[in-house]
Structure formats: structure tokens, C-alpha cells
Amino acid sequence: MSHTAGIRQVQKRKTRRALLDAALRLLEEQSLSSLGLREVTRAAGIAPAAFYRHFSDIADLGAALVDEALTSLHGTVRTTLATTGDSDERIAGAVELIARLVSEYPAHVRFIAREQHGGVQRVREAIAGQLGRFTREVADELAARPEADGWEREDLLMLAGLYVDQMMSAASAFLAAGPGDAAARERVALAARRRLRLIALGRRHWLD
């Protein structure tokens, strides 16, 4: 690659990043369905025509945000949820991880929570697809553990789905509690730990 081409690639990545960051900032106060292309490009500081070099439309940008928000979290959360068993320490660790992810990526969590049932079909489908993939990955992790001996694949997927649903529910609750209300965050953490403990007990006795 020539030096000039390399510079262009760097600039292209910067512009794409600027568009994604601008959209995330704007989406803190509104839904994707109300977001305008010119609004995003103005916030990013680029010409509207430049938008189409990176995304075909706002729904395409939204799908990219879904990938960014969920794909990078798969490995870490997948392993944590899959290993969550009867141990209070493991359950507390899983809840602390979710709380930390919300603290580090509040805009991404807010976007997913709002758009999971929002008005842009392509983005709803992208979120559902990512969560479905997430569920299958957690089920694969569960299947590799001795506790899963005798479990049917369908039941492992059901269990994985419960873990994923609880992760999403806890993330939304931590987001709603806000970073400055320690008491509210502890209530969320307590509820999440109790729910995970209930799932763990059901997991232990499922084959009884």
C-alpha cells in the first residue's frame, strides 16, 4: 500500500469513528428512528455527502453500532455466565462484571436497551441476531462442563437464554440506577444476584 493510500485509509477510519461517536452522543437523548443523517454529520463535523462513503443509511449505521456494542462483549461475558454456578462468589463476580461494563460503556448499553424493541426493523433484527449468537455461544460453554452431562441441546439453549436475558435486564437496571446512586445500584445488584442464584438452583436440579 502506498503512503498516500495509507493516509486515506487512516482518514476513512477516523471519519467512520466520528460518525459512530456522534450518533451515540445524539442517541443518548433520542431514538434511532428520529435521528437524521444531517444531524449526525453536523455533529461529526463532516459534509453530509461523506456519510454515504461509510453507511448506506441511518439503519446501516445503527446495525454497525449493534455490532460494536455487543460483539466485543461476547468473549468476556460468555465465559462468566457459562461458569456461574451455585457459588455466591461466582454469581457476585458475574453481577460485578455487568455493572462494570455498564459503567464503561453506558452509551452502548443505552442504545441496545432502547433499540431492542425500537422502531428500526433492521436494528431490531441485528440485536436479536447478536443475542441469539450470544445464547448459542453460552450454550456451547455450558455443554463443555461436567454439570451439563445428560442435558439436551434444547435445554442448554433455554438455560443460556435465561442467563443472557438476565444480563440484559441487569444492564438496563444498572443504567437506570445511574452511576452516582450507590444505594440504587446495590439494590439492582442484589436483585440480579438473587435471580442468578435461582437460575443456578434450577440448573442444578433440572435432571432430578
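Here is a short report on the structure shown in this document.

Reading the values: the criteria
- Residues numbered from 1 in each chain as written.
- Predicted model: local features only at pLDDT ≥ 70, side-chain atom pairs only at ≥ 80, totals over all residues.
- Heavy atoms only, no water.
- Phe/Tyr/Trp six-rings, centres within 6.5 Å; stacked < 30°, edge-to-face > 60°.
- Buried < 20%, exposed > 50% of the residue type's maximum accessible area, 1.4 Å probe, protein only.
- Helix = DSSP H or I, 4+ residues; strand = E, 2+ residues; numbered from the N terminus.
- Arc of directions from axis to C-beta.
- Expected span 1.5 Å × (residues − 1).
- Polar contact = N/O pair within 3.5 Å; in protein donor to acceptor, adjacent residues only side chain to side chain.

Observations regarding the packing of aromatic side chains
Logical step 1: All chains considered together, the criterion is met by three aromatic pairs.
Logical step 2: Residues phenylalanine 51 and phenylalanine 55 carry aromatic rings whose centres are separated by 5.7 Å and whose planes lie at 50° to one another, so their mutual orientation is tilted. By the burial criterion, phenylalanine 51 is buried, and phenylalanine 55 matches it.
Logical step 3: Three or more aromatic residues joined by ring pairs make a cluster, and in this case those are Phe51, Tyr52 and Phe55.

Some thoughts on helix H2 (residues 37–44)
Logical step 1: Looking only at H2, the buried set comprises Leu37, Val40, Thr41 and Ala44. Looking straight down H2, one finds that the buried residues subtend no more than 95° of arc, so they occupy a single side. Structural note: H2 exposes Arg38 and Arg42 on the side pointing more than 90 degrees away from its buried face.
Logical step 2: One or two steps after H2, the chain reaches glycine 45, where phi turns positive at roughly 75°.

So, helix H4 (residues 58–71)
Logical step 1: For H4, built from 14 residues, the straight-helix expectation of 20 Å at 1.5 Å per residue is met to within 8% by its first-to-last C-alpha distance of 20 Å.
Logical step 2: Counting buried positions over the 14 residues of H4 gives 11, a clear majority of the element.
Logical step 3: Looking only at H4, the buried set comprises Ile58, Ala59, Asp60, Leu61, Gly62, Ala63, Ala64, Leu65, Val66, Ala69 and Leu70.
Logical step 4: Structurally, the start of H4 carries an N-cap: the backbone nitrogen of alanine 59 is 3.2 Å from a side-chain oxygen of aspartate 57.

It is worth stressing that arrangement in space is one thing and function is another; only the former is reported here.
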